[in-house]
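An overview of the molecular structure
So the chains spell out like this:
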Amino acid sequence: MSQPAAVGGSEAELEPEPQPSSVHPAVANEEQKWPGSASAPASGAKEKTTSTVPPLPPPPPGLPLAARRALASLSEEASKLRRFRRSEEGKPGRHGRQKKTKRVVTVDTSKAKTSSEALKICIQQLKWKEFPTGRRHLCDIYWHGSSFHDGEVSSSGQVNKYPGMTELVRKINFSRAVRTMQELFPEEYKFYPRSWILPEEYQTFADQVRVSKENDSSWKPTFIVKPDGGSQGDGIYLIKDSNDVRMLANLHSKPAVVQEYISKPLLIDKLKFDIRLYVLLKSLDPLEIYIAKDGLSRFCTEPYQEPNSKNFHRVFMHLTNYSLNVHSGNFIHSDSVNTGSKRTFSSIVTKLSMRGYDVKKMWSDIITLVIRAIIALVPELKVYHQTYIPPGKPGPTCFQILGFDILLMKNMKPVLLEVNANPSMRIEHEQEISPGLFEYVASPVDEEIKVAIIRDTLCLVDPALKKNNRHQSCLTDGAADSDKEETIEAELHDMNGTPSSKEQNWSSLCLKQVFPKYSRQFSYLLIVDRIALLFIRFLGIKGSMKLGPTGFRTFIRTCKLSNSNLSMASVDILYIDIARRWNIIRGDRGESGMCFQAFMEAIFHLAQRRYKTPPLREQVEALVNFLTDCSPTASFSPNGWDNLGCRFCRNANQSCSVIGLSDVRSQRLKLTQILRPSVTSYFM
């Protein structure tokens, strides 16, 4: 197993984490081979069917009960793997049974709303079964149009929404999540514009603008105000000063986020444009992120000029939202992906490449931006997830397609504008056939991008592939050491239309895995994720999202944070002060308890109090490491390996999020602290 790469490397030289492929037969160009297996035999040659998984030797005498159970579990896994390989090679099983006919996957699209047309095409291509009006019996996949709560979902099914995602990507909540990461990693999270939350931070906003202008008289900023609950460009406007009359009038009635406006964007044909990039969050634990190789470029419909008092109101010049510009008389519907007011992003990349821009570096920066933004969202998303789908209880599996709105600056640096939980997957647009009479007609640009994304998403969550994930994870460990590491630049040819040799099997797919593939370069950012696991552990009441005073005191005692400098009375005062203030900020005046953001503030306070040497990141890391040592979330139980949470447990996860480690070798070192050396030698 290769050692983890250094974190401080260039963003353009990310090293991928070896991962197994899972290509659906409906879109693969050739048969998928298991990682680490021999190459396919030549034409006409007979393939040997001998198993490559030998049985484990008998355990030495005198082992503890838990170790014997662990070895028995591994032996059972090896037997299952041999049976699985035998079935893959086309041989009958021990009792002469032949392989069963593949069951048709069922999809409930009754709540799909605007995605229904694209879904219908994809399901027909995959030869699955669609239920557009719902089904009395259980379905394999449920496609919701708005949120996790759109309809009932079977505990064994999959749903295309995460609980809490809609709330977390609202402008205020997302800004808070990114700000937490900016406090810990200021350099890594510069891709998000400086933001202030109104009305609570209005005075801070006004003071900072005033001081900045006093220090630099030439600084003449522009700010953009975005209502928290707004969508499709509704309610967005530009201001030059914190005393703007319109903002002051809506200060207390409409919560909003005010951000620095990017006044020097990259232009094409003298028009401002943004990128709608589609990202699939396939799994939370382990974290799996896929990025679409192509997206949409949405253009303004008036030539761009830097904002001034005369053009502030010209939304067709400054706002790239499709829902706004489609009403402009200059909007161009085109059947070509290279022209019009909505084009494919790949056509823009081709044009930029011809002009000499470094598009590989641009893609590297975009991938980095997406991974970091998802990492900022995941901790609190896990809190929501355990509320509606408690761990250890049956519940649906979630996945979700997100829409990232990205703006390119003149220097080709990407800036994240916002994240959409429900990006439009409509593949048609309105057309006026006579005055006042409209009809929906096909949009070739939308269909080319969105159908491929939905189809590939369905392929990745195919229940048939899900059943084989356990065997894939076992096979991956043997191949991980032999795989050659590649840089992200070597694979970015695939993003520009030329598939790399390693991904020939994926050449027909538009979704590209970026995490855990490049996890080594981003693992240090997961510190907030570790804090979220602590928060969830001490919640006490399953399904709760707020930590009560008893749970907070238990957390302090268990983690040995109380001492002569921090009495339990001080702990109670700290809890009351932070929890009450955050309940007022969030509008939960009638509710008690400490939310996750309040718990993060308490962690920052405790870290700064315990460790006097800045920066904050090092203080928090030291505290989290201390908390993990004092109260490890993984414990060895006499009943076996259920609480270990690594590849040796029954869950067979590729990464151990419970322990906080992703390296299998580190997990094996954990075993040396638990078992005697004679037992550990079986795993090394």
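Computed from a prediction, not measured in an experiment: that's the story for all the values here.

1. Details of helix α15 (residues 549-558)
- Here α15 has its buried residues at Gly-551, Phe-552, Phe-555 and Ile-556. Down the axis, α15 shows its buried residues gathered within 140° of arc, on one side only.
- Looking at the buried residues of α15, the elements they touch are α16 (568-585), α17 (596-610) and α18 (616-630).
- Trailing α15 by a residue or two, Lys-560 shows a phi angle of about 60°, which is positive.

2. Quick look at the packing of helix α4 (residues 171-184) against α17
- Two numbers describe how α4 lies on α17: the axes approach to 11 Å, and their chain directions differ by 15°. Considering their axes alone, α4 and α17 lie roughly parallel with respect to each other. At the point where α4 passes α17, the crossing takes the left-handed sense. Where α4 abuts α17, its residues Arg-176, Ala-177, Thr-180, Glu-183 and Leu-184 lie against Gln-597, Met-600 and Phe-604.

3. Let's talk about the sheet that holds strand β2 (residues 129-131)
- Read from one edge to the other, the open sheet built from five strands follows the order β2-β1-β3-β4-β14, with strand pairing classed as parallel. Lying at the two open borders of the sheet, with one neighbouring strand each, are β2 and β14 (397-398).
- Sheet topology places strand β1 (residues 106-111) next to strand β3 (residues 141-144); three bridges connect them, and they run parallel. Its bridge partner lying in β3, Asp-108 is registered against Tyr-142.

4. Considering the nonpolar core
- Grouped together as the largest cluster of nonpolar side chains are 106 residues, with contacts concentrated most on Phe-404, Phe-552 and Phe-555.
- Sorting elements by how many residues they give to this core places helix α10 (residues 359-388) first, with 17 residues.
- Counting 32 residues, the second-largest nonpolar core is a separate cluster that includes Val-105, Trp-128, Tyr-278 and Ala-452.

5. Thoughts on the packing of helix α2 (residues 116-126) against helix α11 (residues 444-460)
- For the pair α2 and α11, interaxial distance at closest approach is 9 Å and the crossing angle is 55°. Judged by the angle between their axes, α2 and α11 are oblique. For the crossing formed where α2 meets α11, the hand is right-handed. Of the residues in α11, those touching α2 at Ala-118, Leu-119, Ile-121, Cys-122, Ile-123, Gln-125 and Leu-126 are Glu-447, Val-451, Ile-454, Arg-455, Leu-458 and Cys-459.
- Considering only residue class, the contact of α2 with α11 consists of ten nonpolar, one polar and two charged.

6. A short note on the packing of aromatic side chains
- Summed over all chains, the structure comprises 17 aromatic pairs.
- Arranged with centres 5.7 Å apart and planes meeting at 80°, the rings of Phe-185 and Tyr-524 form a pair that is edge-to-face. Of this pair, Phe-185 sits in the loop between α4 and β5 (195-198) while Tyr-524 is found in the loop between β19 (511-515) and α14 (527-537), placing the two residues 339 residues apart along the sequence. The same class applies to Phe-185 and to Tyr-524, which are both buried.
- Pairing Phe-538 with Phe-555 gives two aromatic rings, centres 5.5 Å apart and planes at 70°, and the pair type is edge-to-face. Note that Phe-538 is positioned in the loop between α14 and α15 and Phe-555 in helix α15, a separation of 17 residues in sequence.
- Phe-538 sits in the buried class, given a relative accessible area of 9%.
- These aromatic residues form a ring-pair network of at least three members: Phe-535, Phe-538, Phe-552, Phe-555, Tyr-575, Phe-596 and Phe-599.
- When the ring centre of Phe-626 is taken as reference, the NZ or CZ atom of Arg-610 above it lies at 4.0 Å.

7. Let's talk about the pattern of salt bridges
- With the rule as written, the count across this model stands at 28 salt bridges.
- A salt bridge links Glu-200 to Arg-176; the shortest N-O distance between them is 2.8 Å. Residue Glu-200 is found in the loop between β5 and α5 (202-215), and its partner Arg-176 is found in helix α4; the two are separated by 24 residues along the sequence.
- Looking at Glu-200, the relative accessible area reads 38%, which means it is partly exposed.
- Close ionic contact of Asp-365 with Lys-361 constitutes a salt bridge, the shortest N to O distance being 2.9 Å.

8. Details of the sheet that holds strand β6 (residues 223-227)
- Taken in spatial order, the four strands of this open sheet run β5-β8-β6-β7, and their pairing is antiparallel. Each having just a single partner strand, β5 and β7 (237-239) make up the two edges of the open sheet. Here the average twist between neighbouring strands, direction ignored, is 30°.
- With four bridges connecting them, β5 and strand β8 (residues 256-260) associate as antiparallel partners.

Quick notes on the rules
- Residues numbered from 1 in each chain as written.
- Predicted model: local features only at pLDDT ≥ 70, side-chain atom pairs only at ≥ 80, totals over all residues.
- Heavy atoms only, no water.
- Buried < 20%, exposed > 50% of the residue type's maximum accessible area, 1.4 Å probe, protein only.
- Helix = DSSP H or I, 4+ residues; strand = E, 2+ residues; numbered from the N terminus.
- Arc of directions from axis to C-beta.
- Contact = heavy atoms within 4.5 Å.
- Axes fitted to C-alpha atoms, helices over the stretch in contact; angles between N-to-C directions.
- Parallel < 35°, antiparallel > 145°, perpendicular 65-115°, else oblique.
- Left-handed = near helix turned anticlockwise from the far one by under 90°.
- Pairing = 2+ DSSP bridges.
- Core = buried A, V, L, I, M, F, W, Y, C linked by side-chain atoms within 4.5 Å.
- Nonpolar A, V, L, I, M, F, W, Y, C, P; charged D, E, K, R; others polar.
- Phe/Tyr/Trp six-rings, centres within 6.5 Å; stacked < 30°, edge-to-face > 60°.
- Lys NZ or Arg CZ within 6 Å of the ring centre and 35° of its normal.
- Salt bridge = Lys/Arg side-chain N within 4 Å of Asp/Glu carboxyl O.

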